Amino acid sequence: MQNNTFESVQHFELRDNLQLTLRPARPEDAGELLAFVEQIAGESENVTFGPGEFGMTEEEERTYLRQVAETPTSLYLVAEIAGEIAGTLTFSSGKRPRVRHVGEFGISIVRTYWNLGIGGRMLTYLIDWARQSGIIRKLNLRVRVDNQSAIHLYEKMGFVHEGRISREFYIRDQFIDAYHMGLEIDPLPGT
Ligand SMILES: CC(C)(COP(=O)(O)OP(=O)(O)OC[C@H]1O[C@@H](n2cnc3c(N)ncnc32)[C@H](O)[C@@H]1OP(=O)(O)O)[C@@H](O)C(=O)NCCC(=O)NCCS
């Protein structure tokens with residue numbers, strides 16, 4: 001993106017005529033987002049919660065979504081296909097001045113929509129959003145060392161490996177290491 005005209009709602013056509021919309025989450029998405037989270041929990045062991053473990057009520061989720069919407073250094077991005085939530089990306093930075101420029105994100109997409117390019121589109125959105133924020137200068141993430149598609153995607157988007165964290169996950173009686181990866185953000189001129 002060459003100028004400071006960041007669009008917060010973006011539309012794309014994917015393979016097979018699928019229409020993708022990327023937009024910030026709204027408080028009224030709370031119920032659908034909790035159902036989405038539960039679906040992801042049952043579909044992938046690459047996230048930090050299993051079925052029934054997310055632990056937020058709809059009211060708590062709604063309050064959280066309101067807070068995110070009011071915080072210029074937080075993002076809760078929704079990917080929508082045919083009016084249903086197909087993926088989410090959440091990012092938040094530190095609160096104090098010394099750590100406000102850096103934050104971590106997580107991304108999840110419904111299994112039936114993997115490998116259609118949605119993850120790439122959402123990461124491009126995050127990077128453009130961070131660049132135009134004028135505040136965010138570093139994006140961090142943690143990923144299981146065996147999550148090959150995610151690692152491939154992050155490397156493709158320019159993220160670099162910054163270290164290996166031992167015992168980051170504990171799933172089915174096994175510890176699993178994670179890579180710490182990051183991307184430095186250059187702000188857009190004039191931001
Ligand atoms: C990881 C995830 C977000 C990727 O989303 P996505 O929409 O499938 O991503 P994209 O389609 O944009 O890109 C996926 C890339 O991985 C590649 N890929 C798929 N399987 C792969 C494998 N086993 N090894 C290496 N690369 C692989 C695809 O070919 C594609 O790369 P390409 O565009 O260069 O061909 C999605 O799979 C997901 O939600 N997984 C479950 C939760 C998760 O793992 N979240 C990340 C936690 S850190």
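Residues numbered from 1 in each chain as written. Predicted model: local features only at pLDDT ≥ 70, side-chain atom pairs only at ≥ 80, totals over all residues. Heavy atoms only, no water.

Peer 1: How would you sum up the nonpolar core? Please name residues and give values.
Peer 2: Soluble globular proteins tend to pack their nonpolar side chains together in the buried interior. By size, the foremost hydrophobic cluster in this structure holds 36 residues, and its most contacted members are L89, F105, L139 and Y154. It is helix α3 (residues 118-133) that contributes the most residues to this core, 8 residues altogether. Core analysis: the next-biggest nonpolar cluster, separate from the first, contains 15 residues, L65, V68, Y76 and V110 among them. (Core = buried A, V, L, I, M, F, W, Y, C linked by side-chain atoms within 4.5 Å. Buried < 20%, exposed > 50% of the residue type's maximum accessible area, 1.4 Å probe, protein only. Helix = DSSP H or I, 4+ residues; strand = E, 2+ residues; numbered from the N terminus.)

Peer 1: Describe in detail the site of the ligand, supporting the description with residues and values.
Peer 2: Close contacts around the ligand come from 23 residues, with I107, I109, N115, H152 and K156 the closest. Within the backbone of G117, one N or O atom sits 2.8 Å away from an oxygen atom of the ligand. Within the contact set of the ligand, an oxygen atom lies 2.9 Å away from a backbone nitrogen or oxygen of G120. In the shell around the ligand, the residues fall into 10 nonpolar, 11 polar and 2 charged. (Near = heavy atom within 4 Å. Polar contact = N/O pair within 3.5 Å; in protein donor to acceptor, adjacent residues only side chain to side chain. Nonpolar A, V, L, I, M, F, W, Y, C, P; charged D, E, K, R; others polar.)

Peer 1: Talk me through the pairing of strand β4 (residues 84-93); I want residue IDs and the actual numbers.
Peer 2: Counting buried residues in β4 gives 7 out of 10 residues, a clear majority hidden from the surface. Here 8 bridges tie strand β3 (residues 74-81) to β4, and the two strands are oriented antiparallel to one another. Each residue of the ladder has a partner; that of V78, found in β4, is T88. Two successive antiparallel strands, β3 and β4, enclose a turn made up of 2 residues, where A82 displays a positive phi of approximately 50°. For β4 and strand β5 (residues 102-109), the ladder comprises 7 bridges, and the chain directions are antiparallel. Counterpart to G87 in the pairing with β5 is I109. (Pairing = 2+ DSSP bridges.)

Peer 1: Mind laying out the packing of helix α1 (residues 30-43) against helix α2 (residues 58-70), listing which residues take part and the relevant values?
Peer 2: The N-to-C vectors of α1 and α2 enclose an angle of 110°; their axes lie 9 Å apart at closest approach. Taken together, the axis directions place α1 and α2 in an arrangement best described as roughly perpendicular. In this structure, α1 uses A30, G31, L33 and L34 to contact α2, whose residues at the interface are E58, E61, R62 and L65. When its residues are assigned to classes, the contact of α1 with α2 shows 4 nonpolar, 1 polar and 3 charged. (Axes fitted to C-alpha atoms, helices over the stretch in contact; angles between N-to-C directions. Parallel < 35°, antiparallel > 145°, perpendicular 65-115°, else oblique. Contact = heavy atoms within 4.5 Å.)

Peer 1: Requested: an account of the sheet that holds strand β7 (residues 160-171), with residues and values cited.
Peer 2: The strands making up a sheet associate through hydrogen bonds between their backbones, and the pairing can be parallel or antiparallel. Taken in spatial order, the 8 strands of this open sheet run β1-β2-β3-β4-β5-β6-β8-β7, and their pairing is mixed. Edge positions in the sheet fall to β1 (10-13) and β7, since each has one partner strand and no second. Taken pair by pair, the neighbouring strands of this sheet meet at an average axis angle of 25°, ignoring direction. When strand β2 (residues 19-24) meets β3, the two strands line up antiparallel, connected through 5 bridges. When the sheet's bridge partners are listed, R23 is paired in β3 with V78. With respect to the sheet, α1 is in contact with β3, β4 and β5, its orientation differing from that of β4 by roughly 95°. Against the sheet, helix α4 (residues 148-156) engages β5, β6 (138-144), β7 and β8 (174-184), with an angle of about 160° to β6.

Peer 1: Can you explain the side chain of S133? Please cite residues and give values.
Peer 2: Along the chain, S133 falls in helix α3. Within polar-contact distance, the side chain of S133 engages the backbone oxygen of A130 at 2.7 Å. At 3.0 Å, the side chain of S133 and the backbone nitrogen of I136 are in polar contact.

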